[in-house]
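A look at the structure
One-letter residues, chain by chain:
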Amino acid sequence: LGVSFIGTILRYVVIDNCKVNYANFADAKIKNMEIRESSLVESTFYETGIKNLVLDRVHFNKAEIFQTNLKDVDFSTSDIHDIRIDNSSLNGMIIDRFQSQELVRILGVNFKD
């Protein structure tokens with residue numbers, strides 16, 4: 001818990017069935033990384049460089065993602081409830097239709113039943 005990867009280079013890393021809450025990936029460079037069945041609750045990704053990140057059932061609840069290119073990163077099996085993210089980081093993210101409601105709320109759009 002609370003690990004700091006600030007400014008680090010992470011290559012060919014697998015995180016599987018781990019609790020990595022409160023991790024800080026600010027200014028890190030991630031390449032060829034897989035995160036499976038793990039918790040990154042309240043973690044931070046700020047100006048994080050990402051290339052070839054694979055996610056499978058990861059909990060990102062209350063995580064903060066800013067100025068991080070998530071193009072082609074598939075979040076569709078992950079939990080992104082209460083995520084904090086800027087508009088530029090959203091561009092190109094892969095999500096499922098249920099997650100779209102969570103992200104539309106961030107954009108300031110309200111749903112009417």
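The paragraphs below set out a description of the structure included in this document.

Reading the values: the criteria
- Residues numbered from 1 in each chain as written.
- Predicted model: local features only at pLDDT ≥ 70, side-chain atom pairs only at ≥ 80, totals over all residues.
- Heavy atoms only, no water.
- Helix = DSSP H or I, 4+ residues; strand = E, 2+ residues; numbered from the N terminus.
- Polar contact = N/O pair within 3.5 Å; in protein donor to acceptor, adjacent residues only side chain to side chain.
- Contact = heavy atoms within 4.5 Å.
- Pairing = 2+ DSSP bridges.
- 1 Å grid on protein atoms, 1.4 Å probe; cavity = no way out; pocket = protein on both sides within 12 Å on 5 of 7 lines; lining within 4 Å.
- Points joined across faces, edges and corners; volume = space filled by probe spheres on them.
- Nonpolar A, V, L, I, M, F, W, Y, C, P; charged D, E, K, R; others polar.

Quick look at the side chain of serine 43
Within the secondary structure layout, serine 43 lies in the loop between β2 (29–36) and β3 (44–46). Polar side-chain contacts of serine 43 include one of 3.3 Å to the backbone oxygen of valine 20. Those residues in contact with serine 43 that lie beyond four places of it in its chain are Val20, Asn21, Tyr22, Ala23, Ala63 and Glu64.

Things to note about the sheet that holds β3
What the 3 strands build is an open sheet, ordered β3-β5-β6; its pairing is parallel. Among the strands making up the open sheet, the edge pair consists of β3 and β6 (84–85). Here β3 runs beside strand β5 (residues 64–66); their pairing, made up of 3 bridges, is parallel. What sits directly across from tyrosine 46, in β5, is phenylalanine 66.

Focus on empty space enclosed by the protein
One pass over the full model with this rule turns up 1 cavity of 30 Å³ or more. For the largest cavity, the calculated volume is near 40 Å³. Around the largest cavity, the lining residues are Phe45, Ile50, Leu53, Phe60, Ile65, Thr68, Leu70 and Phe75. Along the lines of polarity and charge, the residues of the lining of the largest cavity split into 7 nonpolar, 1 polar and no charged.

Examining the side chain of asparagine 61
Tracing the backbone through its elements, the reader meets asparagine 61 in the loop between β4 (49–56) and β5. At 3.1 Å, the side chain of asparagine 61 forms a polar contact with the side chain of aspartate 79. Here asparagine 61 is in contact with Val41, Glu42, Asp79 and His81, once residues within four sequence places are set aside.

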